[in-house]
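Fold and geometry: a report
Here is how the chains run, residue by residue.
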Amino acid sequence: MHILIVEDEPELSSLLAEYLANAGFESECIAHGDTASQWLSQHQTDLVVLDLMLPGKDGLTICRELRQHSRIPVIMATAKVEEIDRLLGLEIGADDYICKPYSPREVVARIKAVLRRVHWPEENKPIVVDTEKLQVILQGKHVEFTAVEMRLFELLYREPGKIFSRQYIMDHIYTDYRVVSDRTVDSHVKKLRKKLHEAAPDLDLIHSIYGAGYKFEYQDV
Ligand code: CA
């Protein structure tokens, strides 16, 4: 597997390249936005780690351009956690977001998770969803949900990897807004996770993204 690292801090990109090499990945580091954009139009890679602030074209522009012709996974790196919310709103099509300063170990784990998601064939997914019966069959085990839990699960599950903010979740899964707060969402997520974990302790499916919200993603524990 080949990873393109677009990053204008050389110490950071070479450190990440080193970790990637140890994990068995090949990689290429590019420090300038224009060069990255040109490289992507001429070469193949399996995933791009893309810094937001770059000399030349910024990460946002590069990602948008790339999405016009390619579904290559993109992990966007940003220096501000608040930026992630804004980027989510822009729907630029990145597959994951990571906040700097990051640990290269964490980035490698995220890269593996994104690649697994992209390459996991639909028929092998160990999950069957039955919205009418309010149940999910996870690795052969039946998990019963309440109506709200089912709506929450479906929302996240239908778009794996997409991060949903608490506000978005509040607006979309509850019928009575008056009783809902951030804490209500957190508590429903907690219940959902507990049920899923009881059925499949070796799978981690619902993830909380610090400062941003929640997402569904297959990860082995
Ligand atoms: Ca930068």
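Read on for an overview of the structure. Every residue gets a number counted from 1 within its own chain, in the order that chain's sequence is written. Only residues with pLDDT of at least 70 are given local features in this predicted model, and only at 80 or more are side-chain atom pairs given and counted; all residues enter the totals for whole chains, interfaces and linings. The side-chain figures draw on all heavy atoms in the structure; neither hydrogens nor water molecules are used.

**With respect to the coordination of the calcium ion**
When a metal carries six donors in an octahedron, the ideal angles between them are 90 or 180 degrees, while four donors in a tetrahedron ideally lie at 109.5 degrees. Looking at the metal site, the calcium ion is ligated by Asp-8 (OD), Asp-51 (OD) and Met-53 (O), spaced 2.1 to 2.3 Å from it. Sites may look incomplete because water is not among the atoms; the donors themselves are N, O and S atoms within 2.8 Å of the metal, or within 3.2 Å for Na, K and Ca. Expressed as a motif, the donor residue spacing for the calcium ion is D-x42-D-x1-M. Linking Asp-8 in the loop between β1 (2–6) and α1 (10–22) with Asp-51 in strand β3 (residues 47–51), this pair joins segments that are 43 residues apart in sequence. Only protein chains enter the accessibility calculation, which uses a 1.4 Å probe. A residue is then buried if its area is under 20% of the maximum for its type, exposed if over 50%, and partly exposed in between. For Asp-51, a relative accessible area of 4% translates into the label buried. Every helix listed is a DSSP run of H or I at least four residues long, and every strand listed is a run of E at least two residues long, numbered separately from the N terminus.

**Observations regarding the environment of Glu-65**
By secondary structure assignment, the location of Glu-65 is in helix α3 (residues 59–67). By relative accessible area, which is 29% here, Glu-65 ends up partly exposed. Along the sequence, Glu-65 and Phe-145 sit 80 residues apart, while their C-alpha atoms lie 41 Å from each other. Whether two residues are in contact is decided by their heavy atoms: any pair within 4.5 Å suffices. Setting aside chain neighbours within four positions, we find Glu-65 in contact with Ser-37 and Lys-57. Polar contact is defined as a pair of N or O atoms within 3.5 Å, subject to the rule that within protein one atom must be able to donate a hydrogen and the other to accept it, and that residues adjacent in sequence are counted only when both atoms are side-chain atoms. Of note is the side chain of Glu-65, whose polar atom sits 3.0 Å from the side chain of Ser-37.

**Focus: the sheet that holds strand β6 (residues 127–130)**
Spatially, the three strands line up as an open sheet ordered β6-β7-β8, and their pairing is antiparallel. Every other strand in the sheet has two partners, leaving β6 and β8 (141–144) as the edge strands with one partner each. Along the sheet, successive strands turn relative to each other by an average axial angle of 20°, direction set aside. For two strands to count as paired, DSSP must find a minimum of two bridges between them. Two strands pair when backbone bridges link them, and β6 and strand β7 (residues 135–138) are joined in this way by four bridges, in the antiparallel orientation. In this analysis, axes come from line fits to C-alpha atoms, helices being fitted only over the stretch in contact, and the angle between any two N-to-C directions falls in the range 0 to 180 degrees.

**Re the pattern of salt bridges**
Opposite charge on two side chains lets them pair, provided their charged atoms get close. Put simply, a salt bridge is a Lys or Arg side-chain nitrogen that is within 4 Å of an Asp or Glu carboxyl oxygen. For the structure shown, the criterion picks out 15 salt bridges. The closest approach of N and O atoms between Lys-195 and Glu-149, which form a salt bridge, is 2.7 Å. Here Lys-195 is found in helix α8 (residues 182–199), whereas its partner Glu-149 is found in helix α6 (residues 147–158), with 46 residues between them in sequence. Owing to a relative accessible area of 3%, Glu-149 belongs among the buried residues under this scheme. Salt-bridge contacts for Arg-166 lead to Asp-186; the nearest nitrogen and oxygen are separated by 2.7 Å.

**Side note on the sheet that holds β3**
Overall, parallel pairing links the five strands, which are arranged β2-β1-β3-β4-β5 in an open sheet. Each having just a single partner strand, β2 (26–30) and β5 (96–99) make up the two edges of the open sheet. Across this sheet, the average inter-strand angle for adjacent strands is 20°, counted without regard to direction. The strands touched by α1 within the sheet are β1, β2 and β3, with β1 carrying the most contacts at an inclination of about 165°.

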